[in-house]
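Structure at a glance
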Amino acid sequence: MPPAWCKRVPIQVWDYRDEYEAEREAILEATERVFRSGRLILGDQVRQFEEQFAAYCGVRFGVGVNSGTDAIFLALKAIDVGPGDEVITVSNTAVPTVASIVSTGAVTRFVDIDRRTYLMDTTQLEAAVTPRTKCILVVHLFGQCVPMGEVHDVARRHGLRVVEDCAQAHGAEHRGVKAGAMSDVSAFSFYPTKILGGYGDGGMVLTNDEKVAARLRRLRMYGMERGYYSEEHGYNSRLDELHAAILLTKLPRLDSYIERRQAIADRYDEDLADTSLTLPAIGDGNLHAYYLYVGRHPDRDRIIDELAKRDIAVNVSYPWPIHTMRAYESLGYREGDLPETEAAAKEIFSLPMYPSLSDDAQAHVCTALHDILSASQMSKSPARAHSER
């Protein structure tokens, strides 16, 4: 039987339905346009969305693919990551990050995370490099970017490629540069929950390298460039016209989505500042897009259960570090190897965060947290790492 915090309750951690009602007319017009076009796969809608999303991120080329998972996998394949190679990344991420590395035949090497931001601890990169290291795969998590200066310093010293996993970072910035524009190649997801989400799976790979872009287009369609002739072994991973058309209607609203998320985060910061929760810390030079609003408390599980009793759902991203999962035992890591990652997994949780979250619903969340925390005198617990915003 699942724990109480997995059950469906009235205030969701994410909900698309109010947003859909507000944008319904434009979305239906977009789908009608596709149905009447006579082209359902790799047509004008995909091409336009590739061009416009790449331009938004400040990158030359975009290649639409089937999912964010495929975006990471194909990004790695396009720069020749494969058997015999090692890829450095983090264990505090969604499974697709590591699953994509494993699917190329490469080996994953983990570094721990920064305690404040839960992002890659870049000071550990140098020690993680071996003669087999091919790539550093950074994960821009929860809506903000990994500090890229040390990443690029290490990459330059050792001749490594850099890939960004931007599934949770649409529109986020580091020192004025958008996520996805700070590497050899980057991967995005348009899964429905994302900052720019569709109504099904979808993804994109961005690059400034014309040859890499051309290879990505081959790889997403059986390795073909013409007719039914494969130039190399490839895959079936195409962003379809319907999803591209819907995402095209939403792309001009992306900055407004982020502004609303930031306003919700500001209110959480203000209303929860005097509680014992550790609130999100913003990394130096970062513009946080708040895919998630992540709090932390040592009595996390009981807080979640109490919130569920008040009809409030929250989420844990992620309750099981990947290096502790049975599926990845072969990587050779054990519990205790990544102490900051493991500690965070026991204490972090995400509050409701989406643009259509109402002020009243958010007020209910904050009031409930105050009641739960004060009732149990939890305010004596942790020191907060909340940054000035």
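Residues numbered from 1 in each chain as written. Predicted model: local features only at pLDDT ≥ 70, side-chain atom pairs only at ≥ 80, totals over all residues. Heavy atoms only, no water.

Section: the pairing of strand E3 (residues 107–111)
Relative to E3, strand E2 (residues 86–90) runs parallel, the two sharing 5 bridges. When the bridges of E3 are listed, Thr-89 appears paired with Phe-110. In this fold, the crossover linking E2 to E3 by way of helix H4 (residues 95–104) has right-handed handedness. (Pairing = 2+ DSSP bridges. Helix = DSSP H or I, 4+ residues; strand = E, 2+ residues; numbered from the N terminus. Right-handed = clockwise from strand over helix to strand, strands pointing away.)

Regarding the sheet that holds E2
In spatial order, the strands read E1-E9-E8-E5-E4-E2-E3; together these 7 strands make up an open sheet with mixed pairing. Looking at which strands have only one partner, the edges of the open sheet turn out to be strand E1 (61–65) and E3. Taking the axes of each pair of neighbouring strands and ignoring which way they run, one obtains an average angle of 25 degrees across the sheet. Each of E1, strand E8 (185–189) and strand E9 (203–207) is contacted by helix H2 (residues 44–57), which is oriented at about 55 degrees to E9, the strand it contacts most. (Axes fitted to C-alpha atoms, helices over the stretch in contact; angles between N-to-C directions. Contact = heavy atoms within 4.5 Å.)

A few points about helix H8 (residues 241–250)
Within H8, 9 of the 10 residues are buried, which leaves the element mostly enclosed by the surrounding structure. All buried positions along H8 are accounted for by Glu-241, His-243, Ala-244, Ala-245, Ile-246, Leu-247, Leu-248, Thr-249 and Lys-250. Contact partners of the buried residues in H8: helix H1 (17–37), H2 and helix H9 (254–271). The residue sitting at the N-terminus of H8 and contributing the capping side-chain oxygen is Asp-240; that oxygen lies 3.0 Å from the backbone nitrogen of Leu-242. (Buried < 20%, exposed > 50% of the residue type's maximum accessible area, 1.4 Å probe, protein only. Polar contact = N/O pair within 3.5 Å; in protein donor to acceptor, adjacent residues only side chain to side chain.)

Points about the packing of helix H3 (residues 68–78) against helix H7 (residues 210–219)
The geometry of H3 relative to H7 is characterised by a closest axis approach of 9 Å and an angle of 125 degrees between their N-to-C directions. Judged by the inter-axis angle, H3 sits oblique to H7. Handedness of the crossing formed by H3 with H7: right-handed. The segment H3 lies against H7, with Leu-74, Ala-75, Lys-77 and Ala-78 engaging Val-212, Arg-215, Leu-216 and Leu-219. A breakdown of the residues in the contact of H3 with H7 according to their chemical character gives 6 nonpolar, no polar and 2 charged. (Parallel < 35°, antiparallel > 145°, perpendicular 65-115°, else oblique. Left-handed = near helix turned anticlockwise from the far one by under 90°. Nonpolar A, V, L, I, M, F, W, Y, C, P; charged D, E, K, R; others polar.)

Details of the nonpolar core
Counting 56 residues, the largest nonpolar core has Phe-49, Phe-53 and Ile-136 as the members making the most contacts within it. Looking at this core, the elements with two or more residues in it are H2, E2, helix H5 (125–128), strand E4 (133–139), helix H6 (148–158), E9, H8 and H9. With 6 residues, the single largest contributor to this core is H2. If sequence neighbours within four positions are ignored, Ile-136 has contacts with Ile-88, Met-120, Leu-125, Val-151, Val-154, Ala-155, Leu-160, Arg-161, Val-162 and Val-163. (Core = buried A, V, L, I, M, F, W, Y, C linked by side-chain atoms within 4.5 Å.)

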